[in-house]
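In case you want the letters, here they are:
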Amino acid sequence: MAAPVRFLTARRSVVLNVNFTVLTFRSRKYSTLPRTDVQKEFSSKWVRQKFIDFFKEQHGHRYVPSSPVRPRGDPSLLFVNAGMNQFKPVLLGAADPRSEMASYRRVVNSQKCVRAGGKHNDLEDVGRDVYHHTFFEMLGNWSFGDYFKEEACSMAWRLLTEEYGIPPERLYVSYFGGDAACGLPADEETREIWRSLGVRGERLLPFGMSDNFWEMGDVGPCGPCTEIHYDHLGPREAPGLVNADSPDMVEIWNLVFMQYNREADGGLRVLPQQSVDTGMGLERLLTVLQGQRSNYNTDLFTPLLNAIHQCSGVQAYGGRTGEEDSGKVDMAYRVVADHVRTLSICIADGVYPGMTGAELVLRRILRRAVRYLTEVLKAPQGSLASLVPTVVHSLGDAYVELQEEQERIMDIINENEDHFLSALRQGRRVIDRTLGKMAAHETTFPAPVAWSLHRNLGFPLDLVHLMLEERGKGLDTHHLQQLEQQEKERAQSQAPLEGAVALLDVHSLCALQREGVPHTDDSPKYHYSLRHDGTYEFPPCSAEVLALYSVEGALLREAGEGRDCLVLLDRTCFYSQQGGQEHDQGYMTTDHLQGVLYPVSDVQLVGGYVLHRITATETLRPGDHVQLHIDQAQRLACMVKHTATHVLNFALRQLLGGGVAQRGSHVSAHRLRFDFSVKASLSVSELQQVESLVQQIIQEDVQVHTQEVPLALANQIPGLRTVDEVYPDPVRVVSVAVPVSELLEGGCNTHTSVELCCGTHLIRTGAIRDLVITSERQLVKGISRIVAVTGDDAREARETGNVLEQEVEALSARVAVATSPSLHEAQRLSKDVGQLTDALEGTPIPQWQKRVLQTRLKALQRSTNTSIRKLEIKEGALQAQKLHEKHGLQTLVVDTIDTDSISVVVKTVNRYSELSPGCMVLLLAHQRSSGRVLCACQVPKGGVVSASEWALSVCGRLGGNAGGSATVAKGVGSTRSTEDLSQTLTWAQHYAQRGEGP
């Protein structure tokens, strides 16, 4: 029996006897403790809040709420997977100096993390054991240039042993033991700190780079770390289990000391500012405090497991793993419990199941949960969404967005579950149909079909394998892996490139700050005015060159002719890319060479410094004075689109309600893109109403007001719309029609567009002139994307729409008068309908009008196709009758007919077989103008000759191809020689007679 575990609290001391049953690692059933008062005291809510309060109230840390699991401006991550992700700008010295983040010194929080997809991917491990998760909470405290090793270790030890009452004799500590190859000494300082806190020497263990040296990535801040490990079976002496992947010895807290920067060449440089980043998984900590061996036996999961049991058709959760888990029932419980938490968190943060990136990963998580819930746990459809309220009850106090989005989460899960189950049914039909077409001797299922099912329908590959095994077939796994690799490469090639400007590293930024270089004054970007004639004036801006950098970020003494470089100025009128708006373009000139232009191709903001990318046309040096000129047409076009985006956002909320939330936007000179949450795609009527509301605001030509106000004050404005960004303080408020001062006073009852925005905007809305929504579609269930154009582009879209509408009208009239068309006339009409449909699809016109015309064209296509089918059946019957009269009772017919339709050839063959049931028939139709030869054949069931092989042999002889079943097939070949055609007919007849060609 293990020794008692003593848990200490500020109120009382309780001794708890804990019994553990130890089995083999492969198959382990962990014992659970009876619920006691002390366990109730260590609830997940209490433990989470105790961590935050300890650092906040006792050690002066600022509490920063968890960021959403969708990373802010970090394309290297699919999901936030660590507590430090949202603080990367601080660690890199790149935080906006006007933002609250720039003032962070001591911070504490509980961060929502997802590890699924990408480098850190625990998805396939979830359920197999009792500790892996896709979603988890990371408790962390940070120091940015404040305290370092001694304070970090001391606070951690005190929290664990005094506040949480974990016995010190259960704890071991690892530290960095040095690395000779990297020239790094052992972290003896940390070792001595732990010794001074009472940790015995035999429990202080050195480890190398892989275990105790933490790095952000290939480049960036890094440093040694020290980890605190807990022995579930202590107290005893078991140092050999530390970092040995033993379930009995688990790491519970990692303290990282960032004191180096990993350079691009692989070297290490000492950071100008040292930081601390610690992380402790809440789920793992709870297993210790609640006396459990499984994360799933803590109060984060037990209510959820009970809820799953209530809707399932199997026994209650038993905590089994490995071979003891018969039928993988307990694994299924864990999968569903974990995945519904991940789904709830992600959807609440605006990540919905979809087809690319994080959305694709979430779709796989949802479908994995649905399969285990319905197939293993025997729960009815809709059960997964019914678990969401239990998740909200467990986590909603800590993450209030769960409470706000509960209904939306349930709707999206239900809709996606319905689509998946429908896809499963469709996928099974595709598999059955493909197997039916395979010859009896074929044993390998086509890999492209399997991959298409997986990629397009989300059909699980393991289910494909299972279905094929049941039918005695296999799958070409090598070919499947090739297809998967091709998909990855295609996705990587289509991934958006990161900013063209290389951001300055932490050393360059710290050097600027150390030398007192002021942040760039970019307020002149707002210094423009509206003339009486309605045109805008953008005055040039004078500035001084403060520094020059290579595009790789190296400091330059000068930039010679032809050199690409980054220019840092004391002030600028150029808008740097941010807030979804593209950067300005233009040029600069020097005072001594005003006729020489330095084109500006990119503008980026990093750490309060604006960098302009230029190609030097003459030598440029620090200290030179320059004049800045923006491309006025490009800037004005961006202003038009940005203000139009705000008006569009307002119109959508007015029409669809306050539940509409912005999920992303992009503004360029040519168009605007706006992503927003909405249950379904907008109807034709809704699209028209949105455009009408926008038009009304444009025609009123109201003033657009802007004002910088303190962030706390701005957040009190009624109806204010914000997105997940780190805003500066003070922040710029943009209001349409109503002065910001009136909004701040609170006396204005007028509904208006009001947002926090750093972008450049029009002074009056009339300059938008017109707005047309040219595209609206659901990116994923619950998020729509609108693309719109303004001004002349909008007018042109309306004119083009009217032209296409007239063409549809004319085509409709042609179809209406063709009451008894010939087959050729019907085919001509069908082709014209198809061509107009293609033209409509690829032409920017009002989206509402496009949908109306598409509906009309679909009706025309159905009408012409119906006419064609009837005429083809009639033509086939006539051709078959003629052939039957010609060949009489022959059992083998090989002949030609006159038609340019493969469908007519097939229908003739079908009809002939009805007239002469025991006959083998093959027909060719030669199109002399093109040389194409159409082929179709049909044979009696159970015959010696396979129709597909017969057609393939004949068409192969003509340089073509064919396909079909054992009884009916069709194909195409080519020849311009009538003699060759005649020989092919003879060859086909001999093939059928002998089973192979002569």
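Read on for an overview of the structure. Predicted, not measured: the structure shown is a model, and the values here were computed from it. (Residues numbered from 1 in each chain as written. Predicted model: local features only at pLDDT ≥ 70, side-chain atom pairs only at ≥ 80, totals over all residues. Heavy atoms only, no water.)

Some remarks on a positive patch on the surface
Keep this limit in mind: Every patch collects residues that have over 30% relative accessible area and no salt bridge, joining them within 9 Å if they carry like charges and within 5 Å if they are nonpolar side chains (Val, Leu, Ile, Met, Phe, Trp, Tyr). The protein chains shown are the only cover counted for residues, whose accessible areas, like all others here, come from Shrake-Rupley with a 1.4 Å probe. Salt bridges, as used here, are contacts in which a Lys or Arg side-chain nitrogen is within 4 Å of a carboxyl oxygen on Asp or Glu. His is not counted, nor are the chain ends, whereas Lys and Arg count as positive and Asp and Glu as negative. The atom standing in for a charge is NZ when the residue is Lys, CZ when it is Arg, CG when it is Asp and CD when it is Glu. Only DSSP runs of H or I with at least four residues qualify as helices, and only runs of E with at least two residues qualify as strands; both kinds are numbered from the N terminus onward.
Taken together, the side chains of R425, R429, R433 and K437 present a region of like positive charge at the surface. Within the secondary structure, R433 is located in helix α14 (residues 406–437).

Describing the packing of helix α20 (residues 684–700) against helix α25 (residues 847–887)
Heads up, the condition is: In this analysis an axis means a line fitted to C-alpha atoms, helices contributing only their contacting stretch, and an angle means the value between N-to-C directions, from 0 to 180 degrees. Angles below 35 degrees are treated as roughly parallel, those above 145 as roughly antiparallel, those between 65 and 115 as roughly perpendicular, and all remaining angles as oblique. A crossing counts as left-handed when the near helix is turned anticlockwise from the far one by less than a right angle, and as right-handed when that turn is clockwise. Contacts are residue-level and defined by heavy atoms, with any inter-residue pair within 4.5 Å sufficient. Under the convention adopted here, Pro, Cys and the residues Ala, Val, Leu, Ile, Met, Phe, Trp and Tyr are nonpolar, Asp, Glu, Lys and Arg are charged, and Gly plus all remaining residues are polar.
Packing of α20 against α25 brings their axes to within 8 Å, and their N-to-C directions diverge by 155°. Accordingly, the angle class assigned to the pair α20 and α25 is roughly antiparallel. Between α20 and α25 the crossing geometry is left-handed. Contact residues: α20 offers V684, L687, Q688 and E691, while α25 offers Q847, W848, R851 and V852. Considered class by class, the residues forming the contact of α20 with α25 number four nonpolar, two polar and two charged.

Let's talk about the state of the cysteines
To be explicit about the condition: Count a disulfide wherever a pair of cysteine sulfur atoms falls within 2.5 Å. Only protein chains enter the accessibility calculation, which uses a 1.4 Å probe. A residue is then buried if its area is under 20% of the maximum for its type, exposed if over 50%, and partly exposed in between.
Applying the stated criterion across every chain yields a total of zero disulfides. Not part of a disulfide, C346 finds its nearest cysteine sulfur in C113, a span of 11 Å. Here C346 falls in the buried class, since its relative accessible area comes to 0%. Free of any disulfide, C758 has its nearest cysteine sulfur in C757, 5.6 Å distant.

Overview of the pattern of salt bridges
The full count for this structure, using the stated rule, is 47 salt bridges. In this structure, the salt-bridge partner of E189 is K149, at a minimum N-O distance of 3.6 Å. Remark: K149 occurs in helix α4 (residues 149–163) and E189 occurs in helix α5 (residues 188–196); sequence separation between them is 40 residues. The exposure class assigned to E189 is partly exposed, which follows from its relative accessible area of 46%. Among the ionic pairs, R320 bridges to D330, the shortest N-O distance being 3.2 Å.

Quick word on unusual backbone geometry
With an omega dihedral of 5°, the bond running from G234 to P235 counts as a cis peptide bond. Summarising the element assignment, P235 is placed in the loop between β9 (220–231) and β10 (249–262). Here the amide bond leading from D729 into P730 is cis, since omega sits at 10°, within 30 degrees of zero. The phi torsion at K328 lies on the positive side, around 55°, for a residue other than glycine. We note that R769 has phi near 70°; this positive angle belongs to a residue other than glycine. Looking at the secondary structure, you find R769 in the loop between β27 (754–756) and β28 (771–780).

Remarks on helix α24 (residues 823–841)
Where we set the bar: Expected span of a helix, by definition, is 1.5 Å for each gap between consecutive residues, and there is one gap fewer than residues.
Taking 1.5 Å of rise per residue, 19 residues should cover 27 Å, and α24 covers 27 Å from first to last C-alpha, within 8% of that figure. Along α24, the residues classified as buried are L823, A826, L829, S830, D832, V833, L836 and L840. Contacts made by the buried residues of α24 are with α23 (791–817), α25 and α26 (902–915).

Considerations on the side chain of T226
Condition: For the purposes of these results, a polar contact is taken to be a pair of N or O atoms within 3.5 Å, where, inside protein, one atom must be able to donate a hydrogen and its partner to accept one; residues adjacent in sequence count only when each atom of the pair is a side-chain atom.
Mapped onto the elements of the fold, T226 is located in strand β9. With relative accessibility at 0%, the residue T226 sits in the buried group. There is a polar contact of 3.0 Å between the side chain of T226 and the side chain of W194. Setting aside chain neighbours within four positions, we find T226 in contact with C153, V173, S174, Y175, T190, W194, N212, W253, N254, L255 and F257.

With respect to the nonpolar core
This is how the line gets drawn: As used here, the term nonpolar core means buried Ala, Val, Leu, Ile, Met, Phe, Trp, Tyr and Cys residues forming a set that is joined through side-chain atoms within 4.5 Å.
Membership of the largest hydrophobic core comes to 121 residues, with the highest contact counts inside it found for Y164, I228, W253 and L384. Among the elements that take part in this core, helix α9 (residues 329–348) stands out by supplying 13 residues, more than any other. Residue contacts for W253: discarding those within four places in its chain leaves F51, F55, N141, A156, L159, L160, T226, E227, I228, T278, G279 and M280. In this structure, L548, V660, I697 and L771 belong to the second largest nonpolar core, which totals 53 residues.

Concerning the packing of aromatic side chains
So the rule is basically this: In this analysis, rings of Phe, Tyr and Trp, with Trp reduced to its six-membered ring, are considered paired at centre separations within 6.5 Å, and the interplanar angle assigns stacked below 30 degrees, edge-to-face beyond 60, and tilted for intermediate values. Should the NZ of a Lys or the CZ of an Arg lie within 6 Å of a ring centre and within 35 degrees of the ring normal, that charge is described as sitting over the ring.
The final tally for this structure, using the stated rule, is 20 aromatic pairs. Through a chain of ring-to-ring contacts, the aromatic side chains of F51, F54, F55 and W253 assemble into a single cluster. Directly above the ring of Y172 sits R203, whose terminal nitrogen or CZ lies 4.2 Å from the centroid.

Points about the sheet that holds strand β31 (residues 920–926)
Selection rule: When DSSP finds two or more bridges between two strands, those strands count as paired.
Within the open sheet, the five strands sit side by side as β30-β31-β32-β34-β33. Their pairing is mixed. Of all strands in the sheet, those bounded by a partner on one side alone are β30 (892–896) and β33 (961–964). Put simply, the sheet's adjacent strands are angled 10° from each other on average, direction ignored. Where strand β32 (residues 932–938) and strand β34 (residues 968–974) come together, seven bridges link them in antiparallel fashion. In the sheet register, L934 faces β34, and the bridge partner there is V972. Across the sheet, α25 lies against β30 and β31, angled at about 125° from β30, the strand it touches most. Packed on one face of the sheet, helix α27 (residues 947–957) meets β30, β31, β32, β33 and β34 and runs near 5° to β34.

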